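Understanding the architecture of this molecule
The lines below spell out each chain.
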Amino acid sequence: METHKIKTIVEALPYIKKFRGKTFVIKYGGSIFKMEKSKKAFIKDIVLLTFVGINIIIVHGGGPNISQMLDKLGIKTEFIKGLRVTDEETMEVVEMVLSGKINKKIAADLCKNGVNAIGISGADGNLIIATKKYLKEGKEKINIGNVGEIVNVNQNLLNDLIDKGYLPVISPIGYDNEGNVYNVNADYAAAAISSSLKCEKLIYLTDVKGLYKDIEDSNSFISSITIDEINEYIRTGVINGGMLPKMECCIKAIKGGTKDVHLIDGRLEHSLLLEIFTDKGIGTMIKGGVNNG
């Protein structure tokens, strides 16, 4: 075996020891589903993480797949401030694609590779209780349909599944106490789930490398950052646009009890292993406090 490969294995050993028995929540983005090599590498990474004793929960999105299906059905879709306006007809498609297609495909791929995965949605076992979300425009409320924000996560269900050796694959569909169904943003769902369990890590697989002080300058990449620094970068406009909601999720997760949050490029094969089991990592880590949970 080549020397550098041995060094890589040796470098991973203390991390394997440190994280054995810990729980990671991984948000798997819809934009990565189309990349076959990245998908296959992701499955292999999850298999390895579970085999070395790390508890994994996957929360997946599926926006591009939903848009594709809506186009096929001739249903027009609209976005307001990055959120899909979700009427009853659209909600049926959202639930069908997320819970019926993507969720089961991920779970089946993991099971095929020896992982005891179980695909569930927020509707199962009252996993995700949500309420209707409104956007604010000044003093006005904007109705965006069946879009929800999470008010409770059934952490006992997740702990039971993990204790019995299952890897939960979660579709971000929420229900309220009256049976109304909601489309929940997967980034927020992952943050809420990670917070409820006080997880060791929340990992966002995205289609960018991480945070930059200047997106046009590759030398301005930020490998680690604190909440205080994030707030300062938001205030000064360094962090803006589409990265703002992602940062809001990261901050919520840290404040909710997650130890660390990572943003990594899911397009890069084996990015999970490179981030978790190497000294330098490859993405941006948002550093939190000590996890005593």
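Quick summary incoming for the structure in this document. Please read all numbers here as calculations on a predicted model, not as lab measurements.

**Here we look at the overall build of the chain**
- Of the regular secondary structure elements, the chain holds 9 helices and 16 strands.
- Computed over C-alpha atoms, the radius of gyration of the chain comes to 19 Å, within 12% of the 19 Å expected from 2.2 N^0.38 for 293 residues, which places it in the range of a compact globule.
- For the chain, the C-alpha atoms occupy an extent of roughly 60 × 45 × 40 Å along the three principal directions.
- Per-residue burial over the chain gives 48% buried out of 293 residues.
- Nonlocal contacts in the chain, meaning residues at least 24 apart in sequence, comprise 72% of its contacts between residues at least 6 apart.
- With the model as given, the accessible surface of the chain reaches about 14,700 Å², and the carbon-plus-sulfur share is 50%.

**A word on the packing of aromatic side chains**
- Inspection of the entire model under this criterion finds 4 aromatic pairs.
- Between Y212 and F221 the ring centres are 5.3 Å apart and the planes differ by 65°, which places this aromatic pair in the edge-to-face class. Neither residue differs from the other here; Y212 and F221 are each classed as buried.
- An aromatic cluster of at least three residues, connected via ring pairs, comprises Y15, F19 and F24.
- Over the face of the ring belonging to Y188 we find K133, whose NZ or CZ atom lies 6.0 Å from the ring centre.
- Positioned above the aromatic ring of Y134, the side-chain terminus of K141 is 5.2 Å from the ring centre.

**Some details on the pattern of salt bridges**
- With the rule as written, the count across this model stands at 10 salt bridges.
- D109 is paired through a salt bridge with K105; the nearest N and O atoms lie 3.1 Å apart. One end of the pair is D109 and the other is K105, both in helix α4 (residues 88-112) and 4 residues apart, which spans about a single turn.
- On the basis of relative accessibility, which here comes to 17%, the residue D109 falls in the buried class.

**Some points on the sheet that holds strand β15 (residues 260-265)**
- The 8 strands are arranged β5-β8-β2-β1-β11-β15-β16-β14 in an open sheet whose pairing can be described as mixed. The sheet terminates laterally at β5 (117-121) and β14 (224-226), the two strands that pair on one side only. Between one strand axis and the next, the sheet turns by 20° as a mean value, whatever way the strands run.
- Pairing geometry for strand β2 (residues 55-60) and strand β8 (residues 167-171), over 2 bridges, is parallel. Residue pairing for β8: V59 is matched across the bridge by I170.

**Details of helix α2 (residues 36-51)**
- Under the 1.5 Å per step criterion, the end-to-end length of α2 is 23 Å for 16 residues, consistent within 8% with the ideal 22 Å.
- Turning to α2, its buried residues are S38, A41, F42, I43, D45, I46, V47 and L49.
- G53 sits one or two residues past α2 and shows a positive phi near 95°.

**Remarks on a nonpolar patch on the surface**
- The grouping of I9, V10 and L13 at the surface amounts to a nonpolar patch, some 280 Å² of accessible area in total.
- Inspection of the secondary structure assignment puts V10 in helix α1 (residues 3-19).
- Since its relative accessible area comes to 49%, V10 is described here as partly exposed.

**As for the pairing of strand β11 (residues 201-206)**
- Taking burial as the measure, the 6 residues of β11 include 6 buried ones, the bulk of the element.
- For strand β1 (residues 23-28) and β11, the ladder comprises 5 bridges, and the chain directions are parallel. The partner of K27 across the bridge, within β11, is Y204.
- Bridging between β11 and β15 involves 6 bridges; their strand directions are parallel. Within β15, the residue paired with L205 across the bridge is I264.

**Notes on the pairing of strand β10 (residues 181-184)**
- Because side chains alternate across β10, one face comprises the buried residues V181 and N183, and the other comprises Y182 and V184, equally buried.
- As judged from the 2 bridges shared by strand β7 (residues 140-153) and β10, these two strands associate in the parallel manner. Counted as the bridge partner of V147 is N183 from β10.
- Of the strand pairs in this sheet, strand β9 (residues 173-175) and β10 are connected by 3 bridges, and their pairing is antiparallel. When the bridges of β10 are listed, I173 appears paired with N183.
- What sits between β9 and β10 in their antiparallel hairpin is a turn of 5 residues, with G179 showing a positive phi close to 90°.

What counts and how
- Residues numbered from 1 in each chain as written.
- Predicted model: local features only at pLDDT ≥ 70, side-chain atom pairs only at ≥ 80, totals over all residues.
- Heavy atoms only, no water.
- Helix = DSSP H or I, 4+ residues; strand = E, 2+ residues; numbered from the N terminus.
- Rg over C-alpha atoms; globule rule 2.2 N^0.38 Å.
- Buried < 20%, exposed > 50% of the residue type's maximum accessible area, 1.4 Å probe, protein only.
- Contact = heavy atoms within 4.5 Å.
- Areas by Shrake-Rupley, 256 points an atom, 1.4 Å probe, with all protein chains shown as cover.
- Phe/Tyr/Trp six-rings, centres within 6.5 Å; stacked < 30°, edge-to-face > 60°.
- Lys NZ or Arg CZ within 6 Å of the ring centre and 35° of its normal.
- Salt bridge = Lys/Arg side-chain N within 4 Å of Asp/Glu carboxyl O.
- Pairing = 2+ DSSP bridges.
- Axes fitted to C-alpha atoms, helices over the stretch in contact; angles between N-to-C directions.
- Expected span 1.5 Å × (residues − 1).
- Patch = residues over 30% accessible without salt bridge, like charges linked within 9 Å, V, L, I, M, F, W, Y side chains within 5 Å.

As far as function goes, none of this settles anything; it's purely spatial.
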